Amino acid sequence: VQLQASGGGLVQAGGSLRLSCAASGRAFSMYAMGWFRQAPGKEREFVGAIRRSAGSSYYPDSVKGRFTISRDNATNTVYLQINSLKPEDAAVYYCAASTSSGGWPLSSRRRYNYWGQGTQVTVSS
């Protein structure tokens, strides 16, 4: 599967942004999907994941309440809604697909088989 992330840009602190990740190929619904971010000089950080059936999602405490992941298996797209943006949210955001049958909430990068190219989010204060 190939992943294409989009929707990044420059947003003022306190604003909102919705990132999209379009998947090509078949069997998108067979993949759990995750989102990560990486700021300059920092390691790639897990910000959430959603199960294959969109039945449940998981967020680390650092973003819980502000980040929401959703997916549309009919259009092979997963979304990351970011609200109340903070300067520390600035990073390149990556979507990833996992075939892993265990290891929920899939917070480890090693659980993911495919990665998108990333989309830049910049937050002005």
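Anything mentioned here points back to the structure above.
Quick summary incoming for the structure in this document. Everything numeric here is computed off the predicted structure, so don't read it as measured data. Throughout this description, residue numbers start from 1 for each chain and increase along the sequence as written. For a predicted model such as this one, the threshold for reporting local features is a pLDDT of at least 70, and the threshold for listing and counting side-chain atom pairs is 80 or more; totals across whole chains, interfaces and linings nevertheless cover every residue. Side-chain numbers here rest on the full set of heavy atoms in the structure, without hydrogens or water.

This paragraph deals with the packing of aromatic side chains. Aromatic pairs are defined between Phe, Tyr and Trp rings, using the six-membered ring for Trp, whenever the two ring centres lie within 6.5 Å; interplanar angles under 30 degrees are classed as stacked, those over 60 as edge-to-face, and all others as tilted. Per the stated rule, a full pass over the model turns up seven aromatic pairs. Summarising the aromatic geometry, the rings of Phe36 and Phe46 are spaced 5.5 Å apart at their centres and angled 65° between planes, so their arrangement reads as edge-to-face. Residue Phe36 is found in strand E4 (residues 32-38), and its partner Phe46 is found in strand E5 (residues 45-50); the two are separated by 10 residues along the sequence. Of the two residues examined, Phe36 and Phe46, each falls in the buried class. Note on Phe36 and Trp115: the rings are 5.0 Å apart at their centroids and 55° apart in plane angle, and the pair reads as tilted. Of the two residues, Phe36 sits in strand E4 while Trp115 sits in strand E10 (residues 114-115), which places them 79 residues apart along the sequence. By the criteria applied, helices consist of DSSP H or I runs no shorter than four residues and strands consist of E runs no shorter than two, each listed in order from the N terminus. Each residue is placed in one exposure class: buried if its accessible area under a 1.4 Å probe, protein chains only, is under 20% of its type's maximum, exposed if it is over 50%, and partly exposed if it falls in between.

Only one rule defines a salt bridge in this text: a Lys or Arg side-chain nitrogen within 4 Å of an Asp or Glu carboxyl oxygen. In the structure shown here, the tally under the stated rule is four salt bridges. The residue Arg37 makes a salt bridge to Glu45 at a minimum N-O spacing of 2.8 Å. Overall, Arg37 belongs to the buried group, its relative accessible area being 7%. Among the residues examined, Glu45 registers a relative accessible area of 29% and is labelled partly exposed. A salt bridge links Asp89 to Arg37, with the shortest nitrogen-to-oxygen separation between them at 2.8 Å. Taken together, the residues span a long stretch of sequence, with Asp89 in the loop between strand E8 (77-82) and strand E9 (91-98) and Arg37 in strand E4 at a distance of 52 residues.

For this text, the term disulfide refers to a pair of cysteine sulfurs within 2.5 Å. Tallied over the full model, the rule gives one disulfide. Between the sulfur atoms of Cys21 and its disulfide partner Cys95 the distance amounts to 2.1 Å. Between Cys21 and Cys95, the disulfide has an S-S torsion of 65° and is therefore right-handed. Within this pair, whereas Cys21 is found in strand E3 (residues 17-24), its partner Cys95 is found in strand E9, the two being separated by 74 residues in sequence. Assessed through its relative accessible area of 0%, Cys95 is described here as buried.

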